[in-house]
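One letter stands for each residue in the lines below.
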2 protein chains.
Amino acid sequence: MAVRADLNISLDGIASPSDQSPENPMGEDWPRLVAEYTATRTFRNRVLGDTSGEGTTGMDDDYGRAYFEEVGAEIMGAAMFGLHAHPDDPDWQGWWGDEPPFHVPVFVLTHTPRRSLEMAGGTTFHFLEATPQEALARAREVAGGKDIRIGGGLDVVQQFLRAGLIDRLHLAVVPIILESGGRIWDGLRGIENDYDSSAEVAESGVIHLTFTRR
Amino acid sequence: MAVRADLNISLDGIASPSDQSPENPMGEDWPRLVAEYTATRTFRNRVLGDTSGEGTTGMDDDYGRAYFEEVGAEIMGAAMFGLHAHPDDPDWQGWWGDEPPFHVPVFVLTHTPRRSLEMAGGTTFHFLEATPQEALARAREVAGGKDIRIGGGLDVVQQFLRAGLIDRLHLAVVPIILESGGRIWDGLRGIENDYDSSAEVAESGVIHLTFTRR
């Protein structure tokens, strides 16, 4: 029962680009950071519901598939659910659609908890104000012995990393330089003392880097 | 006749660690950054003069060997020669020993030029105050059609990169996080638009990343 996290980062470590604007709310950097992942067959099928079988296969897809395997519960930040998009609408169901791709209990960390949301396909969103340790304890109760995924965003993954709670961190390093935004490495000096690392390069050029706790 | 540069960097892009102190003038981070390179048979032979044949072989050594091949002239910063170590001693010959490992003309960029130094083994140090373009023109005159290596340090490589003068940049990415020091990526946003990149992972875990100008 491992606690896992996956992030896409640029070569310079940016996981959370900061080039959003009112005219371009997603920014231009984010789509480039996830381009190889969103092109995979697994992403198209699991997240977009595309059953055509289209999408790339190979190493990027292997990691994409592993992302969804053996997960019993997920923990994510409020922004990842979309809570900040409609803060005053108690009926807002996030931006993951009617049948979110999680299919497990999802714990959304927020300072303004609301009632749980049961969605189609086995995803239930629970909203809680909790420390990483407390959230993890809640997730363990319902994960049925499977892995717990820290779904993001960057700040949530970093909180769990700094608290020493992540067993396996997978970083898909995209060979672009972004410079502005939140950087995964900040505060992680010496992480190599606690984790083994390995790397392999996908056909797309993405470097898959995995840290596994010793 | 390519203009080339090679640097060792940490996962977070630090090429020039800043943990030196009077008690530990080299710092602890620098040896870790170059550990896999200095362990190679090529480094031991070419730089240390060790003819025992000891040292690692494999991909790190392949890159180490390529570093010395087909170079007709080198350009380096004053600190890399060691000019700052004894600024007032006109007879100081740098810290590369009696027979430096370059065996070609080396142009040392400095604001305080001095007379050229002819060393054993074909290395001649020339000291000049010049822009990257001017230094490159001087190096081309004597390189006999071979490659010109920008030997470092980080600031010199960045000057040449930002001036668009580097044809091939090889980065040996060591899987450690350092956080403090000079970062290769600063100012390089969008480099992927002008360069193709490729990566491969050595037996040691070092990721060899190569940018080649389109």
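- Per an unreviewed UniProt entry, chain A is named DNA-binding protein, and its organism is Microbacterium murale.

**Description of empty space enclosed by the protein**
Logical step 1: Under the criterion given, the structure shown has one cavity of 30 Å³ or more.
Logical step 2: Of the voids in this model, the largest cavity is the one considered here, and its volume is about 110 Å³.
Logical step 3: If you go around the largest cavity, you meet 13 residues; those closest to its centre are Leu11 and Val173 of chain A together with Leu11, Val173 and Ile207 of chain B.
Logical step 4: Listed by contribution, the elements that provide at least two residues to the lining of the largest cavity are β1 (3-10) and β11 (207-213) of chain A together with β11 (207-213) of chain B.
Logical step 5: Along the lines of polarity and charge, the residues of the lining of the largest cavity split into twelve nonpolar, one polar and no charged.

**With respect to the interface of chain A and chain B**
Logical step 1: Facing 26 residues of chain A, the contacting portion of chain B comprises 26 residues.
Logical step 2: Interface area, chain A with chain B, both sides summed: about 2100 Å², of which 54% is carbon and sulfur.
Logical step 3: For the pair chain A and chain B, the interface holds four salt bridges.
Logical step 4: Here Arg32 of chain B ties to Glu192 of chain A by a salt bridge, and the two come within 2.5 Å at their closest N and O atoms.
Logical step 5: There are 18 residue pairs in polar contact (both at pLDDT 80 or more) connecting chain A and chain B.
Logical step 6: If you list the elements that add at least two residues to the side of chain A that touches chain B, you get α1 (29-33), β10 (195-201) and β11 of chain A.
Logical step 7: Residue contributions to the side of chain A that touches chain B peak at four residues, all from β10 of chain A.

Calculation criteria
Residues numbered from 1 in each chain as written. Chains lettered and ligands numbered in written order. Predicted model: local features only at pLDDT ≥ 70, side-chain atom pairs only at ≥ 80, totals over all residues. Heavy atoms only, no water. 1 Å grid on protein atoms, 1.4 Å probe; cavity = no way out; pocket = protein on both sides within 12 Å on 5 of 7 lines; lining within 4 Å. Points joined across faces, edges and corners; volume = space filled by probe spheres on them. Helix = DSSP H or I, 4+ residues; strand = E, 2+ residues; numbered from the N terminus. Nonpolar A, V, L, I, M, F, W, Y, C, P; charged D, E, K, R; others polar. Contact = heavy atoms within 4.5 Å. Buried area = accessible area lost by both parts, 1.4 Å probe. Salt bridge = Lys/Arg side-chain N within 4 Å of Asp/Glu carboxyl O. Polar contact = N/O pair within 3.5 Å; in protein donor to acceptor, adjacent residues only side chain to side chain.

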